[in-house]
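For reference, the chains in residue letters:
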Amino acid sequence: MDLTKEEQSALNGEKGDVLQTAYRILVATGEATNAEKLIPINWAHLSGVNYNTIGDSGEEFLRTISQEAKVKVKTTVNPMGFDFDHISEFNHIDDDFIQKQKSIRNSYVKMGVEPTFSCTPYDIFDLPEKNTQVSFAESNAAIFANSLGGLKTNKESAFSALASAITGKSPYSDLRKDDITTPMTIRMKLDNPNELDFGMLGFFAGKVGDTSVNISGVSQPNRRSCKALCGGMGTSGTCAKFQFVDNEDEKSEKIDFGKEEMNEVYDELNTAEKGDLITLGSPQLGLEELSDLSKMLKGKSFQKRCMIFCSRSVQEQARSLDYTNEIERSGGEILSDCCTCLTPLIDTNETDVVTTNSIKGAYYLKNSTGVDVNLKPLSKIIEDETK
Amino acid sequence: MTKVIVNGKTEGTVLKTTTPINFLGAVDKKTGMIHDKKYDIFEKSIKDKILVFPHGIGSSVGAYTIYSLKANNVAPIAMICHKPDLTVASGCALANIPMIILSKKEFDSMENGKELQIDTGSEKILT
C-alpha cells in the first residue's frame, strides 16, 4: 500500500504511540482488503463499548489510549451493557460490572466521541450526502449505510473503526469504490413477508453471500423490515452490502430463499415455543417503530415483562411526541444506551427463554447470553402476549 | 501466493479448522479454549498454536477478543487464513500476532499438527 510521507512517519512512530498503533491497524486492514492507499472519512462509528464483550483487557486498553488519543472526525459509539438511569432496578448486576462500564464510557467521552450508545446511528442523525466515505464497525449500521443510506464503508472491525476515528482515514478498499461486482442474486420467494421473514432472509444472505448480494422479489419493505434485514445479514457472515433489484442479472448466480430455506434458519435460531420475557430492539427501535408500537398497544397490557430498547435520542423524541405514554401504560419498559444483544440485564437465573422478533437478537441470546429463544413477528407477539 | 498482513517471526504447531471463526462467540478469551460445539476443534486450546482457519466471521468486537487473548497470554503465536477479513487483521495488528494469507491450494495442504516456521522478513515465508 502507498503511504504519504506524513502517514509513513506516523507509522514509524514519529508522531507518538497512539498514531503509530492506529496506522499499524490501517496498514494491516488495507493489506487485507487490497487497498492501494488511505482516503479521508468523515464519520466513524465504533463497536467495543459493552464491558460484557471487551472485558478487562478492553477496559484497560481504552483507559490507556484515552490518556492521549483524540478522535479527529465525528465519532459515534455502539450500545453499552445497560442503561445507567435504570441500573438500580437490576439487582443481579454486580458493582464491578457497573464500575468497569463507567470507566469504558468515560474513556470514550475523553477521546471526544458523541455518547450516542446506539447501534442505529442512521436513526439519530441526518445522513451526509450520497457517496460520503464513513467507517462503521457496527455490522447492521455498515450494511444500512452501504445499501440504503447511499454511503460507503467497509464492514469495519472495532479497531479499524477506532483507527479511522483517530486518523480520519481508512483504506480505499473495494467496498469504497463505485464499481463493485455483485455476483449473486437471492430470489425472495416468500409472500407478504413480515420483519421476522426479512431478518431470516438477511441471515441466509449473510451466510451464502460474499461481499455484496442482489435481492430480487422484494417490493419496498418498511423501515422495521429493512433494519431486520441489515441486522440478520450482519450477524451471519461477511456480507456488507445488498441491492434490491427488479431484474435479475443473467450472469449472476441465483439462489432462492423460499419456505425450505426459511425453515432452516428458523429451526437454527428458534429453540422454544414460549418465552418468560419479551425483548424488542436489536437493532434499537427508531421513532417510527415506537410510533407504530404505541398504536398497536392501544388499550392492551403485556402479560409478562417486555424490554424495549431504543437510543436515548430516539427515546427523548418519542417522549416529546407522547409515543411513550401508551407503551409504558401497557407495561413496556423503555431502556436506552443498550440493546438485546449481549446485555447483562437479562438475568439468566430467572430467564430460560426470551421471545423476540429479532434474528440478530436471537443469535446472541442463544450463543452469548445462553438462553433459549422463541421467535415471533411483532404482530404475533402483541396478539399472544397482551390482553 | 502468500500475502503478509501482519509481520513477524515465529515457529510452532498448526491447529487447523475448516470452519470460519467467530472470535467473540467461539473463543474463551481467558483460557484460549474453543467453547462452541459447532467447531471441529471444540475444547481445544489455541494458545501458542499457529491457528489455521478460513477467515473470521461475526461481530466486529471479535478484534477485542484477539487482543484479550494476547493480554491474557493465551493467544495463538500466528494466524493463517485463506480469505482476509478486517476483524482478524486489525486484532492481530494491535496484538502483534503475525498473520498471513495463503491461496486456497496452499491452505488446503496445511495439516493439523504440522511443525511450521514463519518469517515474514525472509524470502520463503513458510518453511
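Residues numbered from 1 in each chain as written. Chains lettered and ligands numbered in written order. Predicted model: local features only at pLDDT ≥ 70, side-chain atom pairs only at ≥ 80, totals over all residues.

> Got a minute to help me understand the overall build of chain A in this structure?
The number of helices and strands found in chain A is 15 helices and 14 strands. With the principal axes as the frame, chain A shows a C-alpha extent of 65 × 60 × 35 Å. By the burial criterion, 54% of the 387 residues in chain A qualify as buried. Of the contacts made within chain A by residues no fewer than 6 positions apart, 80% connect residues no fewer than 24 positions apart. (Helix = DSSP H or I, 4+ residues; strand = E, 2+ residues; numbered from the N terminus. Buried ≥ 20, exposed ≤ 12 C-beta atoms within 10 Å, placed from the backbone. Contact = placed C-beta atoms within 7 Å.)

> Would you mind going over the environment of E261 of chain A with me for this structure?
Residue and element names in this part refer to chain A. Locating E261 in the fold gives a position in helix α10 (residues 259-269). Overall, the presence of 19 C-beta atoms within 10 Å leaves E261 in the partly exposed class. C-alpha of E261 to C-alpha of F204: the two residues are 57 residues apart in sequence and 7.7 Å apart in space. For E261, the residues in contact, after removing those within four places along its chain, are F204 and D256.

> Teacher, can you tell me more about unusual backbone geometry here?
A cis amide bond links S282 of chain A with the next residue in sequence, P283 of chain A, at an omega value of -5°. Note that P283 of chain A resides in strand β10 (residues 277-285). The residue D322 of chain A is not glycine, and still its phi comes out positive at about 65°. Looking at where D322 of chain A falls in the secondary structure, it is placed in the loop between α12 (312-320) and α13 (323-329). Residue D322 of chain A is classed as exposed on the basis of its C-beta count, with 10 C-beta atoms lying within 10 Å. Of note in this structure, D48 of chain B is not a glycine but carries a positive phi near 60°. With respect to the helices and strands, D48 of chain B occurs in the loop between α1 (23-26) and β3 (50-52).

> I would appreciate a short explanation of the sheet that holds strand β4 (residues 78-81) of chain B in the present structure.
Consider a sheet: its strands pair through backbone hydrogen bonds, and that pairing is either parallel or antiparallel. Residue and element names in this part refer to chain B. In space, the six strands of this open sheet follow the order β1-β5-β4-β3-β2-β6, with mixed pairing throughout. Each edge of the open sheet is held by one strand with a lone partner, namely β1 (2-6) and β6 (115-119). Strand after strand, the sheet turns through a mean of 30° between neighbouring axes, direction not considered. Taken together, the three bridges between strand β2 (residues 9-16) and β3 define a ladder with parallel strand orientation. Each bridged residue has a counterpart across the sheet, and for K16 the counterpart in β3 is V52. Along the sheet, helix α3 (residues 86-95) contacts β1, β4 and β5 (99-102); its crossing angle with β1, the most-contacted strand, is approximately 55°. (Pairing = 2+ DSSP bridges. Axes fitted to C-alpha atoms, helices over the stretch in contact; angles between N-to-C directions.)

> Would you mind showing me how to read the sheet that holds strand β6 (residues 184-188) of chain A here?
All names here are of chain A. With respect to topology, four strands assemble into an open sheet ordered β8-β7-β6-β9, the strand pairing being parallel. Of all strands in the sheet, those bounded by a partner on one side alone are β8 (241-245) and β9 (253-257). Across the sheet, the mean angle separating the axes of adjacent strands is 30° when strand polarity is ignored. Alignment of strand β7 (residues 212-216) against β8, held across five bridges, turns out to be parallel. By the bridge assignment for β8, S216 is matched with V245.

> Before we go on, may I ask you to explain the interface of chain A and chain B in this structure?
In this complex, chain A contributes 30 residues to the contact, which on the side of chain B involves 25 residues. Taken together, the elements giving at least two residues each to the side of chain A that touches chain B come down to α2 (17-32), α3 (51-65), α7 (158-167) and α14 (359-369) of chain A. In terms of residue count, α2 of chain A provides more of the side of chain A that touches chain B than any other element does, seven residues in total. For the side of chain A that touches chain B, the per-class residue count stands at eight nonpolar, 17 polar and five charged. (Nonpolar A, V, L, I, M, F, W, Y, C, P; charged D, E, K, R; others polar.)

> Sorry if this is basic, but what is going on with the environment of E138 of chain A here?
Structurally, E138 of chain A is set in the loop between β4 (135-136) and α6 (139-147). E138 of chain A sits 59 residues away from P79 of chain A along the chain, and the two C-alpha atoms are 9.9 Å apart. Leave out the neighbours within four places in its chain, and E138 of chain A touches H45, S47, N78 and C119 of chain A together with S60 of chain B.

> Please explain α3 of chain B as it appears in this structure.
A large share of α3 of chain B lies buried, amounting to 10 of its 10 residues. What α3 of chain B keeps buried is the set L86, T87, V88, A89, S90, G91, C92, A93, L94 and A95 of chain B.

> Got a minute to help me understand the environment of S59 of chain B in this structure?
Mapped onto the elements, S59 of chain B comes out in the loop between β3 and α2 (62-71). Here the alpha-carbon distance between S59 of chain B and P84 of chain B, two residues 25 residues apart in the chain, equals 15 Å.

> Can you walk me through α12 of chain A in this structure?
Residues lying three or four places apart along an α-helix face the same way, a consequence of the helix completing one turn every 3.6 residues. Residue and element names in this part refer to chain A. Among all positions of α12, only V314, Q315 and A318 are buried. Buried residues along α12 cover an arc of 100° about the axis, so they all sit on one side. Residues of α12 that are buried sit in contact with α5 (121-124), β10, α11 (287-296), β11 (306-310), α13 and β12 (332-335). One or two steps after α12, the chain reaches D322, where phi turns positive at roughly 65°. (Arc of directions from axis to C-beta.)

> Help me out: how do you make sense of the nonpolar core in this one?
Nonpolar side chains in soluble globular proteins tend to end up buried together. Membership of the largest hydrophobic core comes to 146 residues, with the highest contact counts inside it found for L46 and I308 of chain A together with C92 and M99 of chain B. Apart from the residues within four sequence positions on either side, I308 of chain A is in contact with L280, G281, L285, I327, G332, E333, I334 and L335 of chain A. (Core = buried A, V, L, I, M, F, W, Y, C linked by C-beta atoms within 7 Å.)

> Please explain the packing of α3 of chain A against helix α4 (residues 95-111) of chain A as it appears in this structure.
To describe two helices that pack against each other, one gives the angle between their axes and the distance between the axes. All names here are of chain A. Direction vectors running N to C along α3 and α4 enclose 55°, while the axes themselves pass 9 Å from each other. The angle between the axes of α3 and α4 places the two elements in the oblique class. Our pair here, α3 against α4, has a crossing hand that is left-handed. Facing α3, whose interface residues are Y51, E59, L62 and R63, α4 presents F97, K100, Q101, S103, I104, S107 and Y108. A per-class count over the contact of α3 with α4 returns five nonpolar, three polar and three charged. (Parallel < 35°, antiparallel > 145°, perpendicular 65-115°, else oblique. Left-handed = near helix turned anticlockwise from the far one by under 90°.)

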